[in-house]
Amino acid sequence: MDLLNKSVLHKLWGQGAIVEFDGQNLYVKFQNKPIGKDTNIVKFSYPSAFVGGFLKIIDNDELQQEILNDAAQKEELKRKQAEQRTLIVKEKTSIKKPARKTYKRENIAFKCNYCDGGASGKQIGYAGVCSKNIIEHNIVEAKRTWCSSEQCECKKFLNGELTYKDLCEIYDANNFLCYESSMLINWKASAGTDVKNGKMDRPRKLKKVQKNSLCILTTVKPDSIETERMVFGVFLVDKSYEGDEQAEGYVTTDSKYKLKLAPDEANKILFWNYYKNQKDEEKAAWASGLYRYINDIISAQILRDIVEVKKDTSDAELAKEFFEYYCEANGIDTDSLPANNGALMI
């Protein structure tokens, strides 16, 4: 398709002309330099940039329709490929496989990208679209893997392909932009995907999490350091999916045993007060990976201290019941629970 030198109109940046096109990406030179860009030449994905009216060919309805038809054909191809993958998975699962290896039950702590969506005095966030500042931080400064992916709607917003209003409308329609954006609404945490050469590769599996495991949600604010990693939510797992070659593993709950921590409460439950690395016990460093398996004693210690910070709040009774239930279900004597012995306590 010959798109060179064709005039286009962008929702935000006005009129421009296509100066380069390789079949997958096109470059538009705008009459005025877009706000936040170093140059007036901007890269767009083809044909997705034309879907939804973000880019439009000027004075050539026939060419515009041809592009939209091309986009529809590509979506149909993706749909058929997805159906084919589903059929292959069904065929594989219909074949009798040897007994799966069993694992000792473990608890799990997740390293979550900071999300201030829905932030208030009662919770840190994780219930809506991130602010513009946090979106820019997660992509430009922190270079978070999913946030920086071309598939991420927030990356499209930062590239100018979506407006912030568009982001909010997508979230309102689906109650989802990423796992973090709905974590304290859906109470679900995912194992994520391995990254290879800067791209999403193979879904990760969760092999040790079972019913009555504790899920611990942790994060670090942009203006904080790793030693200030805090626990902002916990829940008792009642459903877990190990994962397969197509989808990552996840944990979730419908149980009443789930607690959000207010900002001042979370600052008192620092992850590294409880946990330490096996190889370097005094170093509070998470390094790679989105999750760590946690033993029952550390999990009980975290719940015990949450009971303390939840005193004189509406969650006080639930926090106490949660702690006692967890300890009883996992054979822990609450009276002989040792003192915290994490990296910050050594």
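### A short note on the environment of Ile 294
Mapped onto the elements of the fold, Ile 294 is located in strand 15 (residues 291-294). Overall, Ile 294 belongs to the buried group, its relative accessible area being 0%. Spatially, the C-alpha atom of Ile 294 lies 4.9 Å from that of Asn 107, the residues being 187 residues apart in sequence. Sequence-distant contacts of Ile 294, that is, excluding residues within four places in its chain, are made with Glu 106, Asn 107, Ile 108, Ala 109, Ile 216, Phe 271, Tyr 275 and Ser 299.

### Focus: the nonpolar core
The tendency in soluble globular proteins is for nonpolar side chains to be buried as a group. Judged by nonpolar contacts, the single largest core of 70 residues is most densely connected at Phe 110, Tyr 126, Cys 215, Leu 217, Val 234 and Val 251. Of all the elements, helix 7 (residues 296-309) adds the most residues to this core, at 7 residues. For Val 251, the residues in contact, after removing those within four places along its chain, are Phe 110, Trp 187, Lys 188, Ala 189, Leu 206, Val 209, Cys 215, Phe 235, Val 237, Lys 239 and Ser 240. Ile 18, Phe 44, Tyr 46 and Phe 50 belong to the second largest nonpolar core, which has 16 residues in total.

### With respect to the sheet that holds strand 10 (residues 214-219)
If you trace the 5 strands from one edge of the open sheet to the other, you get 14-11-10-6-15, paired in mixed fashion. What marks the edges here is a single partner per strand, and that holds for strand 14 (258-260) and strand 15. Across the sheet, the axes of successive neighbouring strands diverge by a mean angle of 20 degrees, strand direction being ignored. Bridging between strand 6 (residues 107-111) and strand 15 involves 4 bridges; their strand directions are antiparallel. Bridge pairing in strand 15 links Phe 110 to Tyr 291. Sitting on the sheet, helix 7 is in contact with strand 6, strand 10, strand 11 (230-236), strand 14 and strand 15, with an inclination near 70 degrees to strand 10.

### Notes on the environment of Arg 229
When you line up the elements, Arg 229 lands in the loop between strand 10 and strand 11. Considered as a pair, Arg 229 and Glu 136 are 93 residues apart in the sequence and their alpha carbons are 21 Å apart. In this structure, Arg 229 is in contact with Lys 111, Cys 112, Thr 218, Thr 219, Val 220, Ile 269, Leu 270, Phe 271, Trp 272 and Trp 286, ignoring residues within four places of it in sequence. Separated by 2.7 Å, the side chains of Arg 229 and Glu 226 make a polar contact.

### Comments concerning the pairing of strand 11
Among the 7 residues that make up strand 11, 7 are buried, leaving the element largely enclosed by the rest of the structure. Here strand 11 pairs with strand 14 via 3 bridges, running antiparallel. For Gly 233, the partnering residue across the bridge sits in strand 14 and is Lys 260.

### Focus: the pattern of salt bridges
Tallied over the entire structure, the rule returns 15 salt bridges. Measuring nitrogen to oxygen at the nearest pair gives 2.3 Å for the salt bridge that ties Arg 79 to Glu 83. You can see Arg 79 and its partner Glu 83 sitting in helix 1 (residues 61-93), 4 residues apart, about one turn around the helix. The class for Arg 79 is partly exposed, based on a relative accessible area of 38%. You can call Glu 83 partly exposed: its relative accessible area is 41%. Residue Arg 229 is joined to Glu 226 by a salt bridge in which the shortest nitrogen-to-oxygen separation is 2.7 Å.

### Observations concerning the sheet that holds strand 3 (residues 25-30)
Pairing in this open sheet of 5 strands is antiparallel, and the strands run 4-3-2-1-5 from one edge to the other. Whereas interior strands pair on both sides, the edge strands pair on one side only; in this sheet they are strand 4 (41-45) and strand 5 (55-57). Averaged over all neighbouring strand pairs, the angle between strand axes comes to 40 degrees, with direction disregarded. For strand 3 and strand 4, the ladder comprises 5 bridges, and the chain directions are antiparallel. Note on strand 4: the bridge partner recorded for Val 28 is Val 42.

### Overview of the environment of Asn 60
Looking at the element boundaries, Asn 60 is found in the loop between strand 5 and helix 1. Distance in space between the C-alpha atoms of Asn 60 and Lys 6 is 9.2 Å, their sequence separation being 54 residues. Side-chain polar atoms of Asn 60 contact the backbone nitrogen of Leu 63, separated by 2.9 Å.

### Focus: the side chain of Ser 181
Inspection of the secondary structure assignment puts Ser 181 in the loop between helix 4 (164-174) and helix 5 (183-186). The exposure class of Ser 181 is buried, given its relative accessible area of 2%. Here Leu 177 takes part through its backbone nitrogen, which lies 3.1 Å from a polar atom of the side chain of Ser 181. From its side chain, Ser 181 meets the backbone oxygen of Cys 178 in a polar contact 2.8 Å long. Sequence-distant contacts of Ser 181, defined by excluding residues within four places in its chain, comprise Cys 115, Tyr 126, Ala 127, Gly 128, Tyr 171 and Phe 176.

Conventions adopted
Residues numbered from 1 in each chain as written. Predicted model: local features only at pLDDT ≥ 70, side-chain atom pairs only at ≥ 80, totals over all residues. Heavy atoms only, no water. Helix = DSSP H or I, 4+ residues; strand = E, 2+ residues; numbered from the N terminus. Buried < 20%, exposed > 50% of the residue type's maximum accessible area, 1.4 Å probe, protein only. Contact = heavy atoms within 4.5 Å. Core = buried A, V, L, I, M, F, W, Y, C linked by side-chain atoms within 4.5 Å. Pairing = 2+ DSSP bridges. Axes fitted to C-alpha atoms, helices over the stretch in contact; angles between N-to-C directions. Polar contact = N/O pair within 3.5 Å; in protein donor to acceptor, adjacent residues only side chain to side chain. Salt bridge = Lys/Arg side-chain N within 4 Å of Asp/Glu carboxyl O.

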